Each structure stands twice: as C-alpha cells, then as structure tokens.
Amino acid sequence: MADLATLPEEIVRGVIDPAAYGDGRTAYESFRWLRANNPLGRAELEGFDPFWIVSKHADILEISRQNDLFLSGARSTTFTNREADERVRQMTGGSPHLVRTLVQMDAPDHPKHRLLTQSWFLPQNIRHLEERIRQIAREHVDRMAELGGECDFARDIAMTYPLRVIMEVLGVPREDEPRMLRLTQELFGASDPELNRSGAGMGDNPNAMAELQAIIADFFMYFKKITDERKADPQKDLATVIANGQIDGAPISDFEAMSYYVIVATAGHDTTSSSTAGAIWGLCEAPGEFAKLKADPSLIPGLVDESIRWTTPVKHFMRSATAPYELRGCQIEAGDWFWLAYPSGNRDEEVFEAPDEFRIGRNPNRHLAFGYGAHLCLGQHLAKMEMRILWEELIPRLETLELAGEPKLAVANFVGGPKRLPIRYRIH
Ligand code: HEM
C-alpha cells in the first residue's frame, strides 16, 4: 500500500479555490504537481470533509465507469464545505442536494430518468435542428462583421450563441433569454463576485445559501409555466418530452420536471460557451493552427474536440465510494469522497503529447471533458454539432485573428472558461 500522507495544503487550495481557475495558472500547476508526486492523494482541510483528488486520466475513467461502486447522489455532487452541506440538509430535510437532476441520481432512478430524453439527444434526432442552428450561427457571424473588426468574443458571441440554441431546444421565447442567462450565470458563478447576486465571494457571503435557493426558486417558477403549457398543448420540443415524461407508468413530479429543465438549461450553455470562446483563444495562441484550419476546413471537428479538451469547461464532479476498493496502490474505504479533476486528466502527459499546447490535429483526442460512464454528457452531440456549425460559418469568412487585450477567466471551480476575450480580426 502507498503511503497515505495527506496532500500539502497549498496544493489542495490550488485545486479547490475558484481563484486558482480564474488566474489561468495555479490550478494547472497544482495538477502538474499532483500527477508527478501524488496522483491519488488525500486532502484534509479545516471545515471540509476529507476527500481524494483524482488527477490521472486512467483513474478518472476507472472511477467514472463503475457507477455502482462510486455513487453520484449519496453526497453533494459538487465540492462543498461542512457548514454549507449541513445547511442544505436542514433545508431539504436530509438530502445533500437542492435539486434532483440526472447528475444527482444513481441506479435504479438514474437510468429511468435518463431514458426519458436520451433518444431525443441522439445524433440522428438532433440532425433536424441543423438548419435552425445554422441560421443562429450565421446571425452571430454577421454580428461579428457588424462589430467592425474588434469585439469581446466571449461576451458578444460565445455567451449568446449556445444560449440561443438551448433556449430554442427548450422552447423558451427569445425575450426571456436575458433572464435565463442571468440565472445560469448566478447559479454557476456563485463564487465569482462579478457574476453572483450580492457581488461578494462565496466564502465572504453569509447569504450565499439563501441566494442560491432564490435563484433555484426563480428557475422553478419560470419553468412551471412552460410545463403547464406543454401539458395542455404538446409541441415537438424537448420541453414537451420532459413535461409529459412518465416513469413506471406514472407522470414525473413537477419537482423532477423542473430539475430536468434546470440541468438542460444550465448544462447546455455555460459549458458550450466556455469551449466556444476557448477555441478562439486557442487559435489566437497558436496562429499556425489557424492557418492550418483556413487551408483545410476538414480539421473543424478536430478544432471542436481540442477546444473542449484545452478548456475543459467542467472542472470537477464528486463521487463517493460504496465499498472498500484499491486504486493506484491506495486503500479506499466505503464513504470516501472523490474530486474528479477533469482538467488534470485532460492534461495528463501519459495520454496527451505536449498537453498544454493547442493542437487541432490530435487524433485520437481521448479527452474526458464530457465525463464517462452512466453520466456521460447527454448533450455532447448537440454541443459538438453547434460548435462545428459555428466554425463552418465563421472560419471561411475570417481572414485574420489576434488577441486585442488580456483574456479573463471565470473565477469558478465547477463550470467556467473565458468570460472576456478581446479580439481583433478581419472578416468578409
Ligand atoms: C462543451 C460542452 C459540455 C461539456 C464540457 C459538458 C460536460 C459534462 C460532464 C462532465 C457531465 C458528467 C456529469 C457526471 O459525470 O456527473 C455532463 C453531464 C450532462 N450534460 Fe453536459 N456538457 C456539455 C454540454 C452539454 C449540453 C449542450 C447539454 C444539453 C443540452 C448537456 C447536458 C448534460 C446532461 C443532461 C448531463 C447529465 C447526464 C447524466 O447525469 O446522466 N451538456 N456534461
């Protein structure tokens, strides 16, 4: 058995601190140290339950594929401290989750709920959206042209494009989109003072939990209206599939339907906007890759995958063990808690050559940005399709591309990516 020395506090803080992702450097340095020195290490910090940091690609896969041994729903699926965990349990009457979406479920409920929409998300089904998505992509490329050669690509394009797509998919009218954008940013940006409601960091904000509850209540109120409408008047959209969903012959509850909207509405755009902005950032950092892409548009799918790997919009999910298990020479006990460090797995030197470099020609590109196993991202084909379509519309018209200022990253340890990306370009 390996020596179970706990990890140095500085390294652990470099993994859990939202600011470590915001500066674009600290988290990656911590991950590099972990992969080299203690790839599966135990973290013990005042105020937190002990947890393991899983930094190697192979170990993230090994845990993620065994959904019976490593549960999603038994404890909080995202990292939390003891105090916040207790408050959530008090509010919910014992559950560690404020919402009950697919990511908080395990078998037997998880496969039944996933089945409700799984076929809707398959490539052959979402193909019918291609023309509509292309129109949305063209509007965004035209907007870039109108902006006259300089824009903040993250704010002006990457944030609104996936939002427009997912709202179309859910059947949310255009005039309600700003409200949805604000709500998702507040939900995911709870630790980013620029994005959350009070303007304070999570640690400094005594009302953080009440704010989170208010945000979720807003979501629920909004989608309750949509559910009622789709029950009365079914359409061909995903909202209709959710609103009329049945499990074991009984309709799903309003709470479960609302949770489904929350996961689709939130998982469906902040993630994709991060990797969309990440693609343009990567091309600015590696002008040779931009030239290759201009010369050979068949490299677009490679650009899509590489931008998702390089950005890794989802920074972690948690799992907890149901039984003793041995991994990488370490003894794991039932109840142990795991931080799956996707950005670390996606920069694992054993799997990716020159992992910090942005290379659109990686083939294969075995990134794990969409997770793995039973919870593998349901929206991955949609995310890749919408990014591909945007690049098919933009790249042929884009003649030059460079950074026009300092990019800024979201201060977030769960979902995040570039939130400011000033660029200069020539477009026709
Ligand atoms: C680049 C974009 C995206 C990334 C990086 C991403 C990442 C992820 C990851 C890592 C998980 C795994 C959760 C776990 O293991 O617990 C996941 C699950 C999920 N994603 Fe995505 N996602 C993206 C886009 C989307 C889109 C566009 C949608 C929907 C429209 C979506 C819907 C979902 C859903 C519903 C789940 C839960 C699946 C389950 O628990 O069975 N995602 N995603």
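Quick caveat: nothing in here was measured; it's all calculated off a predicted structure.

*Asks:* Could you clarify how one ought to interpret the pattern of salt bridges in this entry?
*Replies:* Pairing is possible between side chains of opposite charge, provided their charged atoms come close. Here the structure, examined in full by the defined rule, presents 45 salt bridges. The partner of Lys56 in a salt bridge is Glu350, with the nearest N and O atoms 2.6 Å apart. One end of the pair, Lys56, is in the loop between strand 2 (51-54) and helix 4 (57-64); the other, Glu350, is in the loop between helix 18 (342-345) and helix 19 (380-394), and 294 residues separate them in sequence. Note that Arg100 is salt-bridged to Glu256, the shortest N-O span being 3.3 Å. On the criterion of sequence distance, the pair formed by Arg100 in the loop between helix 5 (82-92) and helix 6 (109-118) and Glu256 in helix 14 (residues 254-267) is long-range, its members being 156 residues apart. A relative accessible area of 19% places Glu256 in the buried class. A network of salt bridges, in which partner residues are shared, links Glu130, Glu131, Arg134, Arg138, Arg388, Glu392 and Glu393.

*Asks:* Help me understand the coordination of the iron atom of the ligand in this model?
*Replies:* Each donor-metal-donor angle would ideally measure 109.5 degrees in four-coordinate tetrahedral geometry, or 90 or 180 degrees in six-coordinate octahedral geometry. Its sole protein donor being Cys377 (SG), the iron atom of the ligand sits 2.3 Å from that atom. Secondary-structure assignment places Cys377 in the loop between helix 18 and helix 19.

*Asks:* Teacher, can you tell me more about the nonpolar core here?
*Replies:* General note: in soluble globular proteins, nonpolar side chains tend to be found buried as a group. In terms of nonpolar packing, the biggest core is built from 111 residues, with Met144, Phe153, Phe219, Phe223, Tyr261, Trp391 and Ile423 touching the most fellow members. In terms of residue count, helix 12 (residues 208-232) provides more of this core than any other element does, nine residues in total. Not counting residues within four places of it along the chain, the set of residues in contact with Phe223 comprises Leu170, Val172, Met180, Met258, Tyr261 and Ala265. Judged by nonpolar contacts, the second largest core, of 21 residues, contains Ile11, Val12, Ala27 and Trp337.

*Asks:* Explanation requested: the sheet that holds strand 10 (residues 337-341) in the structure shown.
*Replies:* Sheets are built from strands that pair by backbone hydrogen bonding, the pairs being arranged parallel or antiparallel. As summarised here, the arrangement of the five strands in space is 1-2-10-7-3, forming an open sheet in which the pairing is mixed. Either end of the sheet is taken by a strand with one partner, and the two such strands are strand 1 (40-43) and strand 3 (70-71). Relative to strand 10, strand 2 is paired through three bridges, and the arrangement is parallel. Across the sheet, the residue bridging to Val54 is Leu340, located in strand 10. Helix-sheet contacts for helix 1 (residues 9-16) involve strand 1, strand 2 and strand 10, and the interaxial angle to strand 2 is about 70 degrees. Its contacts with the sheet put helix 4 on strand 1, strand 2, strand 3, strand 7 (316-321) and strand 10, and the angle it makes with strand 10 is roughly 130 degrees.

*Asks:* What exactly am I supposed to notice about the packing of helix 10 (residues 160-170) against helix 19 here?
*Replies:* In contact at an axis separation of 11 Å, helix 10 and helix 19 are set at 130 degrees when each is read in the N-to-C sense. By the criterion of interaxial angle, the relationship of helix 10 to helix 19 is oblique. The handedness of the crossing between helix 10 and helix 19 is right-handed. Where helix 10 approaches helix 19, its residues Tyr161, Pro162, Val165, Ile166 and Val169 are matched on the opposing element by Leu382, Glu386, Ile389 and Leu390. Across the contact of helix 10 with helix 19, the residue classes break down as eight nonpolar, no polar and one charged.

*Asks:* Would you mind showing me how to read unusual backbone geometry here?
*Replies:* Apart from glycine, the bulk of residues carry a negative phi angle, and the bulk of peptide bonds sit in the trans form. Each neighbour pair has its own omega, and for Ala107 with Pro108 the value is 5 degrees, a cis peptide bond. With respect to the element layout, Pro108 can be found in the loop between helix 5 and helix 6. The omega torsion of the bond from Asn363 to Pro364 falls at 5 degrees, within 30 degrees of zero and hence cis. By the element assignment, Pro364 lies in the loop between helix 18 and helix 19.

*Asks:* Sorry if this is basic, but what is going on with the site of the ligand here?
*Replies:* In the neighbourhood of the ligand, 27 residues make up the surrounding shell, with His110, Arg114, Arg319, His375 and Cys377 lying closest. Within the side chain of His110, one N or O atom sits 2.6 Å away from an oxygen atom of the ligand. Here His375 contributes a side-chain N or O atom positioned 2.6 Å from an oxygen atom of the ligand. With three residues, helix 15 (residues 270-285) is the single largest residue contributor to the shell around the ligand. For the shell around the ligand, the per-class residue count stands at 17 nonpolar, eight polar and two charged.

*Asks:* What is the right way to look at the state of the cysteines in this model?
*Replies:* Here a disulfide denotes a covalent bond joining the sulfur atom of one cysteine to the sulfur atom of another. All chains considered together, the criterion is met by zero disulfides. Lacking any disulfide linkage, Cys151 is separated from the closest cysteine sulfur, that of Cys284, by 10.0 Å. A residue is classified by how much of its surface remains accessible, and Cys284, at 13% relative accessible area, is buried.

*Asks:* Can you walk me through the sheet that holds strand 14 (residues 422-427) in this structure?
*Replies:* Pairing within the open sheet is antiparallel, and its three strands lie in the order 4-14-11. Of all strands in the sheet, those bounded by a partner on one side alone are strand 4 (150-152) and strand 11 (398-403). Between one strand axis and the next, the sheet turns by 30 degrees as a mean value, whatever way the strands run. Contacting strand 11 and strand 14, helix 15 runs over the sheet at an angle of about 85 degrees to strand 11.

*Asks:* Before we go on, may I ask you to explain the packing of helix 17 (residues 300-311) against helix 19 in this structure?
*Replies:* Geometry of a packed helix pair, given as the angle between the helix axes and the separation of the axes. At their nearest, the axes of helix 17 and helix 19 sit 9 Å apart, and the two run at 125 degrees to each other. In terms of orientation, helix 17 lies oblique with respect to helix 19. Relative to helix 19, helix 17 is oriented so that their crossing is right-handed. Contacts from Ile300, Leu303, Val304, Asp305, Ser307 and Ile308 in helix 17 reach Lys384, Met387, Arg388, Trp391 and Glu392 in helix 19.

About the thresholds
- Residues numbered from 1 in each chain as written.
- Predicted model: local features only at pLDDT ≥ 70, side-chain atom pairs only at ≥ 80, totals over all residues.
- Heavy atoms only, no water.
- Salt bridge = Lys/Arg side-chain N within 4 Å of Asp/Glu carboxyl O.
- Helix = DSSP H or I, 4+ residues; strand = E, 2+ residues; numbered from the N terminus.
- Buried < 20%, exposed > 50% of the residue type's maximum accessible area, 1.4 Å probe, protein only.
- Donors = N, O, S within 2.8 Å, 3.2 Å for Na, K, Ca; no water.
- Core = buried A, V, L, I, M, F, W, Y, C linked by side-chain atoms within 4.5 Å.
- Contact = heavy atoms within 4.5 Å.
- Pairing = 2+ DSSP bridges.
- Axes fitted to C-alpha atoms, helices over the stretch in contact; angles between N-to-C directions.
- Parallel < 35°, antiparallel > 145°, perpendicular 65-115°, else oblique.
- Left-handed = near helix turned anticlockwise from the far one by under 90°.
- Nonpolar A, V, L, I, M, F, W, Y, C, P; charged D, E, K, R; others polar.
- Near = heavy atom within 4 Å.
- Polar contact = N/O pair within 3.5 Å; in protein donor to acceptor, adjacent residues only side chain to side chain.
- Disulfide = S-S within 2.5 Å.

These figures come from the coordinates and say nothing about function on their own.
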